[in-house]
Amino acid sequence: MGIEEKSRKVKSGPTTLEDCGFLQMMGYDLECVIDLFEIKKDSTFIGTTADCIYEKLKSIDGFKDLASGFEGLGTEFDVILKIGATQNASANGQAWWRGSNQPIEITFNEIKMNRSALEVARTIVHEMVHAELYRAINTTNPTEKELDFRETFNTYVMMYRGSADQQHNLMADEWVTKMGEILKDVHQMLDSDGYNTFKNVYYPNGIPDHFYKSVAWDGLQGTIAWNLMKNITTTPPIKSPLEIITQDIDNVKRGRKNCL
Amino acid sequence: MTNISNILLSLLVSLISLGSFISEDCSGNNEKIILIVNKDSKRIDVYDRNGSTSVWVSFGSPNLRANLFHIPPEVNHWEYSHEKVEVGHLDLAKSQVLFAENLDFMDWGDLEQLGKKQKIYMILYEDYMSKERFVWNKKFTAYEVWVTADGPI
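Because the structure is a prediction, the values reported are computed rather than measured.

### Topic: the packing of aromatic side chains
Geometry of an aromatic ring pair is reported as the spacing of the ring centres plus the angle between the planes. Taken as a whole, this structure holds 20 aromatic pairs over all chains when the rule is applied. With 6.4 Å between their ring centres and 75° between their planes, F99 of chain B and Y125 of chain B make a pair best called edge-to-face. Taken as a pair, F99 of chain B in strand β6 (residues 96–99) and Y125 of chain B in helix α4 (residues 125–128) lie far apart in primary sequence, 26 residues in all. Take F99 of chain B and Y125 of chain B: they sit in the same class, and that class is buried. Members of the aromatic cluster, each reached through a chain of ring pairs, are F198, Y202, Y203, F211 and Y212 of chain A together with W78 of chain B. Above the ring of W96 of chain A, the side-chain terminus of R98 of chain A is found at 5.5 Å from the ring centroid.

### Here's the deal with the nonpolar core
Within the largest apolar cluster, 65 residues are counted, with the highest numbers of intra-cluster contacts made by I53, F63, I124, V125, M128 and F211 of chain A. A total of 12 residues in this core trace back to one element, the largest contributor, which is helix α4 (residues 117–138) of chain A. Beyond its immediate chain neighbours, meaning those up to four positions away, M128 of chain A contacts I39, F63, L66, A67, F70 and I106 of chain A. In terms of nonpolar packing, the next biggest core, distinct from the first, is built from 23 residues, V55, L103, W108 and M122 of chain B among them.

### Structural notes on the interface of chain A and chain B
In this assembly, 33 residues from chain A lie in contact with 28 residues from chain B. For the pair chain A and chain B, the two sides together bury roughly 2,500 Å², of which 50% comes from carbon and sulfur. Run the count over chain A and chain B and you get 5 salt bridges. Where E112 of chain B meets K112 of chain A, a salt bridge forms, and the shortest distance between an N and an O atom there is 2.7 Å. Elements that contribute at least two residues to the side of chain A that touches chain B include exactly α4, α8 (192–202) and α11 (241–253) of chain A. If one sorts the elements of the side of chain A that touches chain B by residue count, α11 of chain A sits on top with 7 residues. Of the residues assigned to the side of chain A that touches chain B, the class counts are 7 nonpolar, 16 polar and 10 charged.

### With respect to the confidence of the model for chain B
Interpretation of the predicted coordinates at a detailed level should be avoided for regions scoring low in pLDDT. Residues and elements named next belong to chain B. Mean pLDDT over chain B works out to 85, with 80% of the residues at or above the 70 mark. Looking across chain B, the model is least confident in helix α1 (residues 3–18), with a mean pLDDT of 52, and most confident in strand β7 (residues 120–124), with 98. Confidence drops under pLDDT 50 across residues 14–20; counting only partners more than four residues distant or on other chains, this segment forms 6 contacts.

### A closer look at the confidence of the model for chain A
When pLDDT is averaged across chain A, the result is 85; 87% of the residues are at 70 or more. Throughout residues 1–14 of chain A the model reports pLDDT below 50, and contacts reaching past four residues in sequence, or to other chains, amount to 38 contacts.

Each value, and the rule that gives it
- Residues numbered from 1 in each chain as written.
- Chains lettered and ligands numbered in written order.
- Predicted model: local features only at pLDDT ≥ 70, side-chain atom pairs only at ≥ 80, totals over all residues.
- Heavy atoms only, no water.
- Phe/Tyr/Trp six-rings, centres within 6.5 Å; stacked < 30°, edge-to-face > 60°.
- Helix = DSSP H or I, 4+ residues; strand = E, 2+ residues; numbered from the N terminus.
- Buried < 20%, exposed > 50% of the residue type's maximum accessible area, 1.4 Å probe, protein only.
- Lys NZ or Arg CZ within 6 Å of the ring centre and 35° of its normal.
- Core = buried A, V, L, I, M, F, W, Y, C linked by side-chain atoms within 4.5 Å.
- Contact = heavy atoms within 4.5 Å.
- Buried area = accessible area lost by both parts, 1.4 Å probe.
- Salt bridge = Lys/Arg side-chain N within 4 Å of Asp/Glu carboxyl O.
- Nonpolar A, V, L, I, M, F, W, Y, C, P; charged D, E, K, R; others polar.
- pLDDT = per-residue confidence, 0-100.

Next comes the structure, spelled out in C-alpha cells:
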C-alpha cells in the first residue's frame, strides 16, 4: 500500500494513509490516494513506456478485477514487473512462478518494447493473466470461485502437457473476450491523437470490437480453440475468422508507440 | 526458359546464398540486406492492404511468426515511409541476398534487430528469377521493408 502525492510540500513523503491524513490536518498540501495494487515495479520498469501503459491499464475496471487478487495488505503473492532479457529470447514477455514465498516475476523483453503501444498493453494483460492463474492455483486460502477454477484448471492439466499449454488453452477458452474488453477500454487512453489517426486510416467507420478480440488472440495460436476457429471457412467476400484476425493483427502492428 | 532450368537457376542462387550469413555491416560500406520473397512458398503469405504490402512467414511452431511490411509514402503513415528502389547486379553483388523461405526463426529475430540500424529490402521472387535474370543491365525492384519476429508471448 502506498500514498501518491499530488502536490508535495514535505521533504520525505508519508508512508501510510494515517500519516498522510495527519499531515493534511497539519496543513500540508497533500492528496492521499491508496494504491490498491501489490504489484511492484523494478527500477528497470519505472518511467518506461510500458510503465505508462501499465498505469493506464490500472484505471480499467477489467484490469482492476484481474489484478484484484494481488491487492491490499497481506496478499499471499506479490507481482514484480521488470524489463530485461527473457529466457526465450524471442518472447515478448514471461511470467515466472518462483515458488510460494517469492513474488511472481513478470519480465518484458527489452528488445520487444518498441512495438505499438496496444501490442505492449496486450503483452502486459497476457502476462497478468498468467500471474493470476498462478495465484489462483497456488493460494492457500482459496475462495469458492477459486475452488471452482481449480476444478476447471485440473481438466486442462489432464488435457495438456506443459504449464504454458495448459494456461494458454484456458486463456483461449475463458479470457479472450475479457482481454479484448480491457484493450478496447485502454486504447484511446494511450494516446488519443494516435487513436484517432489509427481509426481514420484503418477503421474509418469505427474500430470494431473484433479488432480488440483479435489482438487478444495473438499469442494463443496453437491452442485447441484457435485451431477450431482457424478451420472455419467462409465464401468470399465474407471473411473467415482467421482472415479477420490476421488483418487486425497486421493493423495493430502499425499503431502508434506512444503512451502520453 | 523451362521449368527445369528455372529450378536449376534457383538452386544455384540458393547455394550461393547459403554461403552468406546475416551480419551487421560495420565497415561503413552501407551494404544492403535484400530478402527474396517467394509468394508461392507454403510458408509465405503476401497481402496487399490499405496501399501497403504485408508478408507473413510461418514456421513449424504456431506461436512463431515473422512479418515484413512495406508502407509507401502514399499511405501517409505516421512513422513509416518506405522507399522503392531499382537495384542492378552490381548492387546485388555488394548486398547480402537472402532467400526468405530459407531463414529460420532466429535469423528473423536477428533481422528484426538489424532493421533498427540499417535498411532492409525485399525483392519478389518472380522479379528476381525472371528470364532477364542474367541480362547485365536488368534492374530489380527492391521494396524497403520493416521486419518483425514474433515469438511466444
